[in-house]
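Results of the structural survey
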Amino acid sequence: MRKLLFNKRGQFIVIAIMFISIMIISVTIFVYSTITQYRYQRWEEYLSVVDNIRINSGEVLNIALANFTNQFLRGHVKSKTEWEAYVLRGLLSSWERDLQKIYAGMGVDLDFKAVKNRLIASKWRIGDDEHIIKCFWYGSDSVSSICANLSITLSSYGFYGYHTILEEYLRLQVDTSYIDMNKSEIQLLNVIVTKENENPCFGLTNSNFEVIWFNNETNSWDEASIANVTYNGGGCYTLNFTNPIPKPYYKWLFISVTDQRGIVTLCSTYSYIEFTVKRKTPEGRVTDDEIYTLEAGINGTWYWNGVKLHNSSASATPPPIPPIPIRLFRVNVTESGADSDDWTISPCQYEVWDKVEWHDRLIDVLRGLADINSPFNSSNRIVFQVGFPNSIVNQSVRIWWETDLDAPPYQGGTDLEYDSVNMVAKTNRYIVEFIGKKHTNSSDYRYPNGTIIDYHGVAALMMKKPEGSSAFCFGPWNIHGYGKCNGRSLAEWRPFGEWQIKYYYSDGRSKAPVRLIAILNSTEVQCVYNASHHSDAYYDTFAIVFITANVKYLIVNTYVYWEEVPDDYSYPYGVWFASVMGKGEPKWFAFQNQTEVYSDYYDYLPWPDPTHEEYKYPGYWAAHWNENFGRGIIINDKSLQSLQSLLGIDRTRFSITEAMSGGGEQGSIELEAVNCLGSAYRPPAGTYYSYTVAMWMYDGGEDENGWQEIGNYYVMFLETYSPEIIIKGGG
Amino acid sequence: MRVIETILASFVIVFAMSFLNTIVISPPSEIYEVSDLEKLGYNVLYELDSQGVLKEFVYNESWGNLTAALKILLPANVYFSLDVYDVDGTLLNQGYPIAYGDWSVFSESKYIASVSYILPGTDSRYDPRILKLKLVRG
């Protein structure tokens, strides 16, 4: 080194190296700055475009949320999922298309995706949810929010995948502490309105708020007039009413707010309705299978088996069922008595009951399953079950509602299934095969020689035990019948038609978890013995069948209207309200008459002696059974009156047919309004009646006393013993 | 020999400097000018939008107020002309020029900055407005 430094000929080499180094560094710096200068200027340009897109995409989401919440509040949105799929996606596509038009040549591409696993306003947890719009309404603290992960691409700049989270929300909290103060009326209400980042929402006036309360006098939800609104800072407002809202109605308010962006959110001051169901059947009986399928209607009305239940707490005003989408309702019941705290969720479903004009009469009938997205209205009923095991007398019921607007209808565990191909409904207690116009026979119902008995389009119900073995299947249940075929075969004219099955809700996916509904609306009759015996005269039939899960019973409501009975008919004998075939399987039968229970065994002697036996003055039930299987038909007071309404009690009969027409053992139980062994009877045109028959399915018995279970449970179907409702309130 | 080396080294240095001078050309000042004006124009529109007044002026067609707002926010020596279109390309401020400055400057200048800005809608209504702002230094 020393040699190199002091070598006189090396000094230029050192200088040259230094200059070359400086040159390389300089060139590198200048070339770099030349390249980046170009990039810097381009960045400036698309930065502003991206900024414009980002900011105003938030505005587009605002518009979407405002539109959705407004339309949902007014009931114009039937399905949120559909709205998001079509309207929201359409709006976002328009926005992308318009941007592509404005920034032509930039290659604008937008993508909005839902943001999962997040919190809204530090309160509402969103899990694995695909919804961009999330609203939690109908509680005392509610929010309407929209949140999307926006991805921006400007492909002509080589700019891909810029992500930003856009979130907007409006939150409304109602101070419900006034309810506990037990005031006689309220004049004002405090609310807090906030928006994203928990910023207070200010500048709202009385036109931004709407309060509705249930007016028992007008039986409707009325708007409370807001005289003025005071802003107290921090998003807190006091709403002053022009007229005070009296007790107890101030407990049940709905408050909505619309902010300057047009976003709406809705609060409720109560979140459930609670009441007690009191069993009224006689004590000292086994009640383990005494499970009632109840219906809750608007304005504190409850029904069981067509009977409006008595509200024994008449002084207590029942909280109204709120007008919210019906799919949000849920029901909890106690299992060990009203005082216990062992609440369990009860399967529930939503139905439409309406007055239908049928032959100039308004009949209150079930139309089908409700539109799950429609607000609860006066036609709707919530159906749920309450059991009374171990002789429990009182059980509590709580009807409450989900706050998430995306909540589906109740679809929890159910034992109800429907096979539409084979037209078979299954519960954990029984199986029903629907026989009718399309499905004219059941392979479980045959002549002794093995030939399947064809019903030629007669609408009937084939009942089976869940095991499904033919050993556990008796014959079909005919819901109405008239006359004799060729003077010998019974009930020639039976309702002809097809069962309309109501099992799926309007969305086509959600199923009825409590009971399947089958409706028959028939104007024709058919003979099961002869395919060519068909007529549109005689009578019309409207029948509703309830295939109910978790219980041993099935209920059929039947309405009959008589047209002209043709004059050329030679054998107008007998009117049946029920004719339940046995296929020779049952060994014993029993029925309750006006004073006692009569039971006997079937005497399956060779046909035709005897074929048909009649017993006078049937009462509420009849049954037939063997060692494996049994079933009983039960009617209530109203149906017994209908039975006796045609020609009086003297022509009513419980009857059995031991041999089937064409040979073979039968073993039926039948309920006749006009006995077929008496004189001829032609019902006058215009004759009308209706009746309800419950069928109870059980495990049968070893001897003539195998009817005990029917004798024990039939009381629960009688009007006198219908349960009672005791209002507890709501909160 | 040393003199020759010195001369050769000097040549190398001069050549290197000359080479650098030829390849490094700074962008012309006009490019900076347009870029700055675009940035300025975008910032002004963004500021008005953030305050909520841009939407109000545009959807209420308050062209006079919009002109005044731009005049206040832009430097006095920057001339502007703003056109507002709907999504179909219809000029909405036809007959009401939102402008300031000498028109001849726009026609004569080669370096006019142009900023596009979009407003998606107002009052829960999707109804886009496209704003095209032209800027030139007077």
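Residues numbered from 1 in each chain as written. Chains lettered and ligands numbered in written order. Predicted model: local features only at pLDDT ≥ 70, side-chain atom pairs only at ≥ 80, totals over all residues.

Right, let's get into the overall build of chain B. Counting its secondary structure elements, chain B contains 5 helices and 4 strands. The buried share of chain B, reckoned over its 138 residues, is 26%. Of the contacts formed within chain B by residues at least 6 apart in sequence, a portion of 61% connects residues at least 24 apart. (Helix = DSSP H or I, 4+ residues; strand = E, 2+ residues; numbered from the N terminus. Buried ≥ 20, exposed ≤ 12 C-beta atoms within 10 Å, placed from the backbone. Contact = placed C-beta atoms within 7 Å.)

With that settled, the discussion passes to the overall build of chain A. When helices and strands are counted, chain A shows 6 helices and 50 strands. Relative to the compact-globule value of 27 Å for 731 residues, chain A shows a C-alpha radius of gyration of 37 Å, a clear excess of over 25%. Structurally, chain A occupies a C-alpha span of about 145 × 70 × 55 Å along its principal axes. Going through the 731 residues of chain A one by one, you find that 45% of them count as buried. Partitioning the intrachain contacts of chain A with sequence separation of at least 6 by distance along the chain shows that 70% fall at a separation of at least 24. (Rg over C-alpha atoms; globule rule 2.2 N^0.38 Å.)

Once that is clear, we can look at the pairing of strand E28 (residues 431–435) of chain A. Residue and element names in this part refer to chain A. Here E28 lies mainly inside the structure; 5 of its 5 residues are buried. Of the two faces of E28, the one lined by Ile431, Glu433 and Ile435 and the one lined by Val432 and Phe434 are each fully buried. Alignment of strand E27 (residues 424–426) against E28, held across 3 bridges, turns out to be antiparallel. Looking at the pairing, Val424 lines up with Glu433 of E28. Counting the residues between successive antiparallel strands, the hairpin from E27 to E28 contains 4 residues. In this structure, E28 lies alongside strand E31 (residues 460–464), joined through 5 bridges in antiparallel fashion. If you follow Phe434 over to E31, its bridge partner there is Leu461. (Pairing = 2+ DSSP bridges.)

Tallying the contact residues gives 32 residues for chain A and 28 residues for chain B. Secondary-structure elements contributing two or more residues to the side of chain A that touches chain B are helix H2 (11–73) and helix H3 (80–102) of chain A. Considering only residue class, the side of chain A that touches chain B consists of 16 nonpolar, 11 polar and 5 charged. (Nonpolar A, V, L, I, M, F, W, Y, C, P; charged D, E, K, R; others polar.)

Attention shifts here to the sheet that holds strand E2 (residues 98–100) of chain B. Residues and elements named next belong to chain B. Spatially, 4 strands are ordered E2-E1-E4-E3 in an open sheet, and the strand pairing comes out antiparallel. Among the strands making up the open sheet, the edge pair consists of E2 and strand E3 (113–122). Sheet twist, expressed as the mean angle between neighbouring strand axes with direction ignored, is 15°. Relative to E2, strand E1 (residues 78–86) runs antiparallel, the two sharing 3 bridges. Looking across to E2, one finds that Leu82 is bridged to Ile98. (Axes fitted to C-alpha atoms, helices over the stretch in contact; angles between N-to-C directions.)

For the rest of this paragraph, the subject is the sheet that holds strand E36 (residues 515–522) of chain A. Residue and element names in this part refer to chain A. Reading across from one edge, E35-E36-E39-E40-E49-E46-E45-E42-E43 is the order of the 9 strands in this open sheet, with antiparallel pairing throughout. At either end of the open sheet lies a strand with only one pairing partner, and these are strand E35 (500–502) and strand E43 (597–601). For this sheet, the mean angle separating the axes of adjacent strands, direction not counted, is 15°. Strands in contact with helix H5 (residues 637–644) are strand E45 (618–625), strand E46 (630–635) and strand E49 (688–698); relative to E49, the strand with the most contacts, it is inclined by about 125°.

Attention now moves to the environment of Arg97 of chain A. Here Arg97 of chain A lies in helix H3. With 32 residues separating them along the chain, Arg97 of chain A and Asp129 of chain A place their C-alpha atoms 27 Å apart.

Residue and element names in this part refer to chain A. Three or more residues of H5 are buried, namely Ser639, Leu640, Ser642 and Leu643. Around the axis of H5, the buried residues are gathered within 155° of arc, so they sit on the same side. On the buried face of H5, the contacting elements are strand E41 (575–580), E45, E46, strand E48 (669–674) and E49. (Arc of directions from axis to C-beta.)

All names here are of chain A. Within the largest apolar cluster, 223 residues are counted, with the highest numbers of intra-cluster contacts made by Val432, Val545, Leu554, Ile633, Ile634 and Met695. By residue number, the principal contributor to this core is H2, which donates 10 residues. If we skip the residues at most four places from it in the chain, Ile633 touches Ala578, Val580, Trp621, Ala622, Ile669, Leu671, Val693 and Met695. (Core = buried A, V, L, I, M, F, W, Y, C linked by C-beta atoms within 7 Å.)

All names here are of chain A. Assigned domains within chain A: domain 1 (174–268), domain 2 (272–411 + 723–730) and domain 3 (477–500 + 528–717). Taking only C-alpha atoms into account, the centre of domain 1 sits 29 Å from that of domain 2. Taken together, the contact pairs 9 residues of domain 1 with 7 residues of domain 2. Residue composition of the side of domain 1 that touches domain 2, by class: 5 nonpolar, 3 polar and 1 charged. (Domains from an automatic or database assignment.)

Attention shifts here to the pairing of strand E7 (residues 185–195) of chain A. Residue and element names in this part refer to chain A. Where strand E6 (residues 159–174) meets E7, 5 bridges bridge the pair, whose relative direction is antiparallel. Paired with Val174 across the two strands is Val191, which belongs to E7. Both E7 and strand E12 (residues 236–246) contribute to a ladder of 7 bridges, which runs antiparallel. Its bridge partner being in E12, Ile192 is matched across the sheet by Cys236. Alignment of E7 against strand E8 (residues 199–200), held across 2 bridges, turns out to be antiparallel. In the strand pairing of E8, Lys195 is matched with Asn199. If you look at the hairpin formed by E7 and E8, you'll find 3 residues sitting between the two strands, and Asn197 has a positive phi there, around 60°.

Let us now look at unusual backbone geometry. All names here are of chain A. With an omega of 0°, the peptide bond running from Lys247 to Pro248 counts as cis. By the secondary structure assignment, Pro248 is in the loop between E12 and strand E13 (253–258). Even without a glycine there, the phi angle at Asn117 is positive, about 50°. Among the structural elements, Asn117 can be located in the loop between strand E1 (108–114) and strand E2 (118–120). The class of Asn117 is exposed, set by 9 C-beta atoms lying within 10 Å. Residue His456 is not a glycine yet carries a positive backbone phi of 55°.

What follows covers the environment of Tyr721 of chain A. Residue and element names in this part refer to chain A. Along the polypeptide, Tyr721 turns up in the loop between helix H6 (708–713) and strand E50 (724–730). According to the C-beta neighbour criterion, Tyr721 is partly exposed, with 16 such atoms within 10 Å. Along the sequence, Tyr721 and Thr657 sit 64 residues apart, while their C-alpha atoms lie 32 Å from each other. Look past the residues within four positions of Tyr721 in its chain and what remains in contact with it is Lys280, Thr281, Val715 and Met716.

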